[in-house]
Amino acid sequence: MDLIDNIVMGFSVAFQWYNLLFCFVGVLIGTLIGVLPGLGPVGTMAILLPITFGISPVTAIVMLAGIYYGAQYGGSTTSILVGIPGEASSVVTTLDGYEMAKQGRAGPALGIAAFGSFIAGTLGIVGLMLMSAPLVKFALKFGPAEYFSLMVMGLVILTFLAQKSMVKALMMAGVGLILGLVGLDNMTGLPRFILGNAELLDGIGIAPLAMGLFGISEILLNVEQEIKRSVLVKRVKNLLPNKEDWKQSTGPIARGTLIGFLVGILPGGGTVLSSFLSYAVEKRVSRHPERFGKGAIEGVAGPEASNNAASQAGFIPLLSLGIPASAVMGILLGALMIHGVQPGPLLMKNEPTLFWGVVASMYIGNIMLLVLNLPLIGIWVRLLSVPYSVLFPIILFIALTGAYVVNNSTLDLYLMLGFGVIGYLMRKFEYEPAPLILAYVLAPLLEISLRQSLIISGGDPSIFVTRPISLFFIVVSALLVISAVVPAIRSRRQEIVAQAEEEV
Amino acid sequence: MNAQRIVSVVWFAFGAAVAYESLDLGLGEGGEPGSGFMPFIAGLFVCAMAVIVFLQTFVNQELKLSTFAEHWKGGKWHRAIWIVLLSVLFIEAMNVLGYFVSSVMLLVIIMRYLEHLSWTKSIVVPVVTVAVTYLLFSWMLDTTMPRGILGLW
């Protein structure tokens, strides 16, 4: 009965008026940036992180989480109506969604995307509630050695799933570790890599780093291109899918939810991969695979369900183990720590209002999103006609203001701009920023657990392979690295990536 | 010159510099790793990965053909440079002219001269944006922005 008590408590927290308000603000902003191409949830959450300093941790996480899963809803609108993805996770939705819009079926496409998202999102939350407690029990057995190996495995999986080069992704994880260690060493009190700048004693802030790598660099890349958008449909009608649509979509939504949930728990898996997988699966099981890419509703329902289930499942490792599975979760982890909340398996026990409050708010948020994305779809359609030339200066300016107000520091502004330029160059040369930010967030935890492990073992590194759970994590990591190097498997991995790209 | 190769050399230099600095910080004794231990490993790791990418540029077809010109082909890259320069100007101007004036100026310049929007749009949008943002941040965070010599916000 514990679970029911907790759920009731969670809802009583989530229904407090300011949590409702911030939940709404979160999903509203999420939908907004989801609809607008060129600004992702990571950048937005980083930009808005400073705003949350003045509010309680529960409210802050409720809002930031809302931005994340809200963006999964919004992204599909642009994919369907404009034919370019609003978010990376809705890339596949452009295939059949846009085709449906061209055939005058924009309404059902948007409708099934929203309903599929809602169903999958809600089921994802149920999974989150049921899975977290057992996982916490398991994690409480972890010592520093297990934690260290688990984090290493998380980073390796993330880099393994990198779209381009795994070597480059691993390198970026290394760079992230270094950046995360800048500042005073908590154990010895020695300043590290501060380059003579006293302001860096506290380390490089997550806000300027994430805003630079994800927000500013995105702007710099986008202004190089002529972004032309033409909205296919000015007024959307018949949003409710008919009986036939539902019949065709039920299977894809169910499978998509399952795929999304399983992929979402994996470190580095996330929403993008899950939507691709779901599309591939639907095409394979379909009796008429030739309909795909020509406006098959299954190609919208499956991936859209999948990315929402994945976005909810991604919270499981963060809230139960304290380990973020993606860059977005890294930002949330940063937010928790800024608010003085210690993430980890004790979070559920020590901060029950936070855990259950946030989970309950996701139910409410999903309902709000359904309303925002169906009856109010017209607003978003109109928003799509705002040109990028008006939008990006505003985004740039909000980023500059946000980076400044955290510490009233000009240095932070230069850091953000500097990381923006570095991020721009990184993307030009196909170095992915996600492993960097995740390693940056994990660096302090990783270092502490490494040191503690070595102190316990008296300097013997075999502690990581003599303890069974730790050994398991290390073996998985090693296998992944080896498999990426062995030519036969490497070519198979590239084949899969290529195939996914081809199908898109 | 191969662009990917040059980039890998830059990363190698970064990793090597970090590893070298870490030696100064102290690697510590076996049972008690020092401040330099973790960054030393991370620095060497970055170096090792950079070496692999460097070698790949001789084998991998795609990396082999990478040139700077190809990476910037067709893009209006000068616009990206303008954005960075204007942002630097904004940061420097903020302490002199104050937050309000420098923000509005930044937005007006970008919208009017980089994006060629109409004067009306280029003035109305910035003023409204700056006012709303200022109110939001000062209300939520109770923060004060630089007022500058004009004494405006």
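Now for a quick tour of the structure. In this text, all values refer to a predicted model and were calculated from it rather than measured experimentally. (Residues numbered from 1 in each chain as written. Chains lettered and ligands numbered in written order. Predicted model: local features only at pLDDT ≥ 70, side-chain atom pairs only at ≥ 80, totals over all residues. Heavy atoms only, no water.)

**Quick word on the overall build of chain B**
For chain B, the helix and strand inventory stands at 7 helices and 2 strands. Along chain B, helices (α) and strands (β) appear in the sequence α-β-β-α-α-α-α-α-α when read from the amino end. Compactness check: chain B gives a C-alpha radius of gyration of 24 Å against a globular reference of 15 Å for 153 residues, more than 25% above the reference. Each of the three principal axes of chain B carries a C-alpha extent, and together these read 60 × 45 × 25 Å. (Helix = DSSP H or I, 4+ residues; strand = E, 2+ residues; numbered from the N terminus. Rg over C-alpha atoms; globule rule 2.2 N^0.38 Å.)

**As for the packing of aromatic side chains**
In the structure shown here, the tally under the stated rule is 22 aromatic pairs over all chains. A ring pair is formed by Trp11 of chain B and Phe14 of chain B, whose centres lie 6.1 Å apart and whose planes are at 80 degrees; its orientation type is edge-to-face. Residue Trp11 of chain B and its partner Phe14 of chain B are both found in helix α1 (residues 3-25); the two are separated by 3 residues, about one turn of the helix. Among the aromatic side chains, those forming a connected cluster through ring pairs are Phe138, Phe142, Tyr147, Phe472 and Phe473 of chain A. Geometry around Tyr431 of chain A places Lys168 of chain A over its ring, the cationic atom sitting 4.8 Å from the centre. When the ring centre of Phe58 of chain B is taken as origin, the NZ or CZ atom of Arg5 of chain B, which lies over that ring, is 3.8 Å away. (Phe/Tyr/Trp six-rings, centres within 6.5 Å; stacked < 30°, edge-to-face > 60°. Lys NZ or Arg CZ within 6 Å of the ring centre and 35° of its normal.)

**A short note on the nonpolar core**
Membership of the largest hydrophobic core comes to 198 residues, with the highest contact counts inside it found for Met171, Leu209, Phe315 and Tyr431 of chain A together with Trp11 of chain B. Per-element accounting of this core gives the leading share, 15 residues, to helix α4 (residues 57-82) of chain A. Mapped onto the domain boundaries, this core takes at least three residues apiece from domain 1 (3-72) and domain 2 (77-140) of chain B. Beyond its immediate stretch of four places on either side in the chain, Trp11 of chain B contacts Met171, Met172, Val175, Met426 and Tyr431 of chain A together with Val46 and Ala50 of chain B. (Core = buried A, V, L, I, M, F, W, Y, C linked by side-chain atoms within 4.5 Å. Buried < 20%, exposed > 50% of the residue type's maximum accessible area, 1.4 Å probe, protein only. Domains from an automatic or database assignment. Contact = heavy atoms within 4.5 Å.)

**Focus: the packing of α4 of chain A against helix α12 (residues 298-313) of chain A**
Residues and elements named next belong to chain A. In contact at an axis separation of 9 Å, α4 and α12 are set at 160 degrees when each is read in the N-to-C sense. Taken together, the axes of α4 and α12 lie roughly antiparallel to each other. Considering the relative orientation of α4 and α12, their crossing is right-handed. Contacts between α4 and α12 pair Tyr68, Tyr69, Gln72, Tyr73, Ser76 and Ile80 from the former with Val300, Glu304, Asn307, Asn308, Ser311 and Gln312 from the latter. A class-by-class count of the residues in the contact of α4 with α12 yields 5 nonpolar, 6 polar and 1 charged. (Axes fitted to C-alpha atoms, helices over the stretch in contact; angles between N-to-C directions. Parallel < 35°, antiparallel > 145°, perpendicular 65-115°, else oblique. Left-handed = near helix turned anticlockwise from the far one by under 90°. Nonpolar A, V, L, I, M, F, W, Y, C, P; charged D, E, K, R; others polar.)

**Regarding the side chain of Gln312 of chain A**
Residues and elements named next belong to chain A. As for its position among the elements, Gln312 is in helix α12. Overall, Gln312 belongs to the buried group, its relative accessible area being 0%. Contacts of Gln312, omitting those with residues within four sequence positions, involve Tyr69, Gly121, Gly124, Ile125, Leu128, Met362 and Asn366.

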